[in-house]
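Fold and geometry: a report
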Number of protein chains: 2
Amino acid sequence: MSEYRGFELLGTDGAARTGKLYLTHGEVETPIFMPVGTQGTVKTLSPHELKDIGAQIILGNTYHLYLRPGHKLIAEMGGLHTFSSWDRPILTDSGGFQVFSHLGLNKITEEGVFFRSHIDGSRHFLTPELSMEIQNALGSDIMMAFDECVPYPAEHGYVAQSVERTTRWAKRCKEAHKKNEEQLLFGIVQGGVYADLRAESASRIREIGFPGYALGGLSVGEPKELMHEMLECTVPLLPEHKARYLMGVGTPVDLVEGVYRGIDMFDCVMPTRNGRNGMIFTWDGPLNIKNAEFSRDSRPPETDCSCYVCRNFSRAYLRHLYKAGEILALRLNSYHNLHFYLTLMESVRRAIREKRYEAFRQEFLLRYQGR
Amino acid sequence: MSEYRGFELLGTDGAARTGKLYLTHGEVETPIFMPVGTQGTVKTLSPHELKDIGAQIILGNTYHLYLRPGHKLIAEMGGLHTFSSWDRPILTDSGGFQVFSHLGLNKITEEGVFFRSHIDGSRHFLTPELSMEIQNALGSDIMMAFDECVPYPAEHGYVAQSVERTTRWAKRCKEAHKKNEEQLLFGIVQGGVYADLRAESASRIREIGFPGYALGGLSVGEPKELMHEMLECTVPLLPEHKARYLMGVGTPVDLVEGVYRGIDMFDCVMPTRNGRNGMIFTWDGPLNIKNAEFSRDSRPPETDCSCYVCRNFSRAYLRHLYKAGEILALRLNSYHNLHFYLTLMESVRRAIREKRYEAFRQEFLLRYQGR
């Protein structure tokens with residue numbers, strides 16, 4: 001393991017880039033998709049399977065782990081890596097997204113956010129400092145600054161104020177983060193769907209200085225074109241030699257389009273959540289495995305796919321498992337979908353290295369049905 | 001693969017025996033425990049994992065597979081082995097147990113049993129002939145005769161009549177079973193908790209002649225002593241050189257006690273169902289992983305256990321997963337529990353081979369807390 005921790009830019013093809021993250025628990029090739037392990041596990045899957053699929057880094061949710069089983073318990077058990085038996089890199093979010101998703105119940109102050117636990121209704125107060133304390137206790141390789149996530153749509157005036165607060169909170173996060181070299185702290189650019197506020201936020205967060213930058217508050221209901229616009233106006237304002245992370249995104253098309261606009265990192269619950277709802281991703285678009293058309297379909301979910309599911313099971317069997325309410329259905333769908341996402345990113349990296357990303361993108365968009 | 005299909009007695013130690021089943025999809029060492037794959041999958045687990053754990057043969061439920069997805073569909077898809085991607089032996093039950101479990105709704109005639117589907121309430125009529133047709137379509141290695149399962153308690157007079165019917169049905173099953181050599185058909189001895197009726201049934205079923213014999217209608221609520229009595233009076237009446245299968249049994253202690261009385265084969269949902277309810281089996285007895293005492297317990301479920309779960313996870317983590325409602329909890333508990341059952345049977349076989357089964361049994365009963 002190199003002593004250097006951070007991002008190395010390896011190559012570009014238009015705005016698309018390949019690179020490498022050097023982290024405490026290993027190296028990560030970018031562009032990368034990070035499976036989401038909300039409560040200390042990527043839902044339905046074992047760490048062993050995640051490695052089989054080729055996961056290089058997974059995400060943990062600060063909000064969930066703080067409430068249950070608690071960051072102090074996890075620290076006592078040796079940190080999140082040891083606790084969950086995952087020895088590759090972990091990125092933790094700040095907890096902000098979850099508390100802001102239920103703002104009706106919660107209250108923002110300059111100091112932080114009051115919120116109620118979704119588990120037992122107990123009251124909590126999350127601040128930039130507490131978010132850092134929790135993420136330090138979890139021991140993730142990459143921590144995220146505690147920011148305000150503004151819903152869509154929101155007024156320009158409100159978003160402007162929020163950008164100011166996110167900047168002040170980002171400073172407090174950097175201050176509060178223990179200066180251990182094991183954990184990188186990434187800053188987050190907000191600004192809703194307003195180009196001027198994105199530029200303002202990028203400039204302010206960049207001034208503070210972080211080893212990586214995320215774009216928050218996108219893919220929250222705004223039209224795709226607006227998301228692309230925001231990427232196009234914000235990404236060029238970020239330092240070339242730092243990692244760029246588009247939070248909570250997205251569909252396979254979103255990933256291909258995000259990379260096209262210079263993004264290095266993604267995370268999303270879609271492959272696992274949609275898998276649990278019976279959706280199976282393929283290069284031709286998603287299948288709804290519940291459909292009667294698959295009841296006697298002896299083909300694997302995806303022809304030419306090398307994953308365990310496609311090597312062993314038919315659509316007919318997967319449909320049967322799903323209709324019968326078998327947990328194995330949720331596992332197999334999640335497994336294949338994450339394999340699909342990670343294989344897609346591998347193809348993306350190869351296409352960039354071979355300087356044919358635009359052709360790859362065009363071909364992908366032509367073949368993939370469903371956005 | 002040998003051309004011979006059937007049972008070979010390899011050794012004895014008191015009434016306990018070791019042997020081997022030669023089946024179309026492979027050989028099975030006895031005494032054996034068979035994980036239950038009700039709907040074409042052992043709940044929560046993949047076929048790959050079942051092999052990791054050392055499963056040699058699994059069970060499929062005729063009732064469930066007939067109703068969903070239907071035996072004809074499974075036959076079209078190449079049979080149950082191909083459909084579920086399990087290439088080792090499968091035993092199918094007759095469907096009788098499930099239809100008799102809901103007798104309030106169902107109706108027995110000499111011809112067969114009317115029942116309503118638990119899925120959609122549709123009416124069906126299961127006969128010995130249909131049970132054979134379904135099991136032939138599924139393509140199991142061992143098929144079971146369609147018998148009447150009498151609840152406990154039941155009057156002597158009723159059980160006597162039922163034994164007669166089970167005998168007539170057994171004849172019809174043998175008659176209806178396609179004479180393919182790939183599928184062995186086992187007979188079932190009934191007789192409730194009445195020694196004279198068990199003897200009568202054993203004699204009548206033996207007269208018909210099968211390559212293996214099961215004991216049905218035990219572990220249905222009767223006291224353990226009565227079950228042991230029934231084994232002690234019935235097993236000696238069965239042919240020495242045929243396999244003996246105690247259906248739907250049981251706890252780890254039941255297995256050890258069954259082998260002690262000459263049983264070769266067992267099946268039960270307990271390791272998987274109880275696992276899904278938070279019970280983890282160990283050589284010292286079961287743990288309830290939900291208990292607060294495990295919240296900071298960094299030990300594996302079982303010290304000295306070589307299974308994937310025990311090599312990777314702590315009780316604290318398993319408790320967290322369970323409390324958080326994570327599917328991985330159900331998987332890991334089921335995995336460890338089946339590994340425990342199969343390892344127990346491996347130890348049982350070794351003890352018999354080494355002619356120290358009585359000592360093994362005494363030691364096990366002393367150490368294992370909880371029946």
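Before any of the text, the structure's been laid out above.
A short tour of the structure in this document, coming up. Predicted model only: the values in this text are computed from it and were never measured. (Residues numbered from 1 in each chain as written. Chains lettered and ligands numbered in written order. Predicted model: local features only at pLDDT ≥ 70, side-chain atom pairs only at ≥ 80, totals over all residues. Heavy atoms only, no water.)

**Remarks on the sheet that holds strand E10 (residues 123-126) of chain B**
Residue and element names in this part refer to chain B. This is how it is decided: The criterion for strand pairing is that DSSP finds at least two bridges linking the strands in question. Think of it this way: any DSSP run of H or I at least four residues long counts as a helix, any run of E at least two long counts as a strand, and we number them from the N terminus.
Strand order in this open sheet of three strands is E8-E9-E10, and the pairing throughout is antiparallel. Strands at the two margins of the open sheet, each flanked by one partner only, are strand E8 (107-108) and E10. Relative to strand E9 (residues 113-116), E8 runs antiparallel, the two being bridged by two bridges. Note that in E9 the partner of Lys107 across the bridge is Phe114.

**Considerations on the state of the cysteines**
Residues and elements named next belong to chain B. Counted only if it meets this: Any two cysteine sulfur atoms lying within 2.5 Å of each other are counted as a disulfide. Residue exposure (1.4 Å probe, protein chains only): buried if accessible area is under 20% of the type maximum, exposed if over 50%, otherwise partly exposed.
For the structure shown, the criterion picks out zero disulfides over all chains. Between Cys149, a cysteine without a disulfide, and Cys173, which holds the nearest cysteine sulfur, the sulfur-to-sulfur distance is 12 Å. Judged by its relative accessible area of 12%, Cys149 is buried. Cys305 takes part in no disulfide bond, and the closest cysteine sulfur to it belongs to Cys310, at a distance of 3.7 Å.

**Things to note about the relation of the copies chain A and chain B**
Here is the rule: When the copies are superposed, the least-squares fit takes in the C-alpha atoms of residues with a pLDDT of at least 70 in both. Contacts between residues were defined by any pair of non-hydrogen atoms, one from each residue, lying within 4.5 Å.
Mapping chain A onto chain B calls for a screw motion: a turn of 180° about the axis and a shift of 0.0 Å along it, with 0.0 Å RMSD after fitting. What the rotation and shift describe, once combined, is the action of a two-fold rotation axis. Closest to the rotation axis within chain A is the C-alpha of A:Ile327, separated from it by 3.8 Å. A shared binding surface is used by both copies, with 100% of the interface residues of chain A retained as interface residues in chain B.

**Regarding the packing of helix H6 (residues 128-138) of chain A against helix H7 (residues 156-176) of chain A**
All names here are of chain A. Cut-off, in case you're wondering: Interaxial angles span 0 to 180 degrees and are taken between N-to-C directions of axes, which are lines fitted to C-alpha atoms, for helices over the stretch in contact. Reported orientations rely on four angle classes, namely roughly parallel under 35 degrees, roughly antiparallel over 145, roughly perpendicular from 65 to 115, and oblique for the rest. Should the near helix be turned anticlockwise from the far one by less than a right angle, the crossing is termed left-handed; should it be turned clockwise, right-handed. Amino acids outside the nonpolar list (Ala, Val, Leu, Ile, Met, Phe, Trp, Tyr, Cys, Pro) and the charged list (Asp, Glu, Lys, Arg) are all regarded as polar, and Gly is one of them.
Remark: H6 packs on H7, axes separated minimally by 8 Å, with the N-to-C direction vectors making an angle of 40°. Considering their axes alone, H6 and H7 lie oblique with respect to each other. Classified by chirality, the crossing of H7 by H6 is right-handed. On H7, the residues touching Pro128, Glu129, Met132 and Asn136 of H6 are Trp169, Arg172, Cys173 and Ala176. The class makeup of the residues in the contact of H6 with H7 is five nonpolar, one polar and two charged.

**Examining the interface of chain A and chain B**
Short version of the rule: Accessible surface is computed with a 1.4 Å probe, and the buried area is the amount of it that two parts give up when combined, taken over both parts together. The salt bridge definition used is simple: a Lys or Arg side-chain nitrogen within 4 Å of an Asp or Glu carboxyl oxygen. In the analysis that follows, any N or O atom pair within 3.5 Å is treated as a polar contact, provided that within protein one partner can donate a hydrogen and the other can accept it, and provided that, for residues neighboring in sequence, both atoms belong to side chains.
Taken residue by residue, the interface counts 37 residues in chain A and 37 residues in chain B. Together, the buried faces of chain A and chain B total about 3300 Å²; carbon and sulfur atoms form 57% of this surface. Summed over the shared surface of chain A and chain B, the number is six salt bridges. Close ionic contact of B:Arg296 with A:Glu76 constitutes a salt bridge, the shortest N to O distance being 2.9 Å. Connecting chain A to chain B are 22 residue pairs in polar contact (both at pLDDT 80 or more). The leading source of residues in the side of chain A that touches chain B is helix H13 (residues 315-323) of chain A, at five residues. Here the residues of the side of chain A that touches chain B sort into 16 nonpolar, 12 polar and nine charged.

**Things to note about unusual backbone geometry**
Both trends apply: most residues other than glycine have a negative phi, and most peptide bonds are in trans. Note that the residue after A:Tyr152, namely A:Pro153, is joined by a cis bond; omega there is -5°. Among the structural elements, A:Pro153 can be located in the loop between strand E11 (142-144) and H7. The linkage connecting B:Thr30 with the following residue, B:Pro31, adopts the cis geometry, with an omega of 0°. Tracing the sequence through the fold places B:Pro31 in the loop between strand E3 (26-30) and strand E4 (32-34).

**Re the nonpolar core**
Selection criterion: Put simply, a nonpolar core is a bunch of buried Ala, Val, Leu, Ile, Met, Phe, Trp, Tyr and Cys residues held in one set by side-chain atoms that sit within 4.5 Å of each other.
A:Phe33, A:Phe266, A:Tyr357, B:Phe33, B:Phe266 and B:Tyr357 are the most contacted members of the largest nonpolar core, which has 189 residues in total. Here A:Phe33 is in contact with A:Ile57, A:Val249, A:Leu255, A:Phe266, A:Asp267, A:Cys268, A:Pro271, A:Leu338, A:Tyr341, A:Leu342 and A:Met345, once residues within four sequence places are set aside.

**Observations concerning the packing of aromatic side chains**
Residues and elements named next belong to chain A. We count it as follows: Here the aromatic set is Phe, Tyr and Trp, taking the six-membered ring for Trp, and pairing holds for ring centres within 6.5 Å; pairs whose planes are under 30 degrees apart are stacked, those over 60 apart are edge-to-face, and all others are tilted. We call a charge positioned above a ring when the Lys NZ or Arg CZ atom is no farther than 6 Å from the ring centre and deviates by at most 35 degrees from the ring normal.
Within this structure, the stated rule accounts for 38 aromatic pairs over all chains. Between the aromatic rings of Phe210 and Tyr213, the centroid separation amounts to 6.3 Å while the plane-to-plane angle is 85°, which identifies the pairing as edge-to-face. Accessibility expressed as a relative area gives 4% for Phe210, which makes it buried. Plain terms: the ring middles of Trp283 and Phe340 are 5.5 Å apart, the flat faces sit at 70° to each other, and that makes the pair edge-to-face. With Trp283 in the loop between strand E16 (279-280) and strand E17 (287-288) and Phe340 in helix H14 (residues 327-353), this pair connects stretches of sequence that are 57 residues apart. Taken together, the ring pairs connect Phe33, Phe281, Trp283, Phe340, Tyr341, Tyr357, Phe360, Phe364 and Tyr368 into an aromatic cluster. One cation-aromatic arrangement involves Lys174 over Phe210; the distance from NZ or CZ to the ring centre is 6.0 Å.

**Quick look at the environment of A:Gly216**
Residues and elements named next belong to chain A. Residue placement: Gly216 occurs in the loop between strand E13 (212-215) and helix H9 (224-234). Considered as a pair, Gly216 and Gly191 are 25 residues apart in the sequence and their alpha carbons are 8.4 Å apart. Beyond its immediate sequence surroundings of up to four residues, Gly216 is in contact with Ile188, Val189, Gln190, Arg198 and Met247.

**Some thoughts on the side chain of A:His336**
One can find A:His336 in helix H14. Look past the residues within four positions of A:His336 in its chain and what remains in contact with it is A:Ile280, A:Phe281, A:Glu302, A:Cys305, A:Cys307, A:Val309 and A:Cys310.

**Here's the deal with the sheet that holds E3(B)**
Residues and elements named next belong to chain B. The strand order across the open sheet built from three strands is E1-E2-E3, with neighbouring strands paired in antiparallel fashion. The open sheet terminates on both sides in strands that have one partner only, identified here as strand E1 (6-13) and E3. Going from strand to strand, the sheet's axes swing by 15° on average, the running direction of each strand aside.

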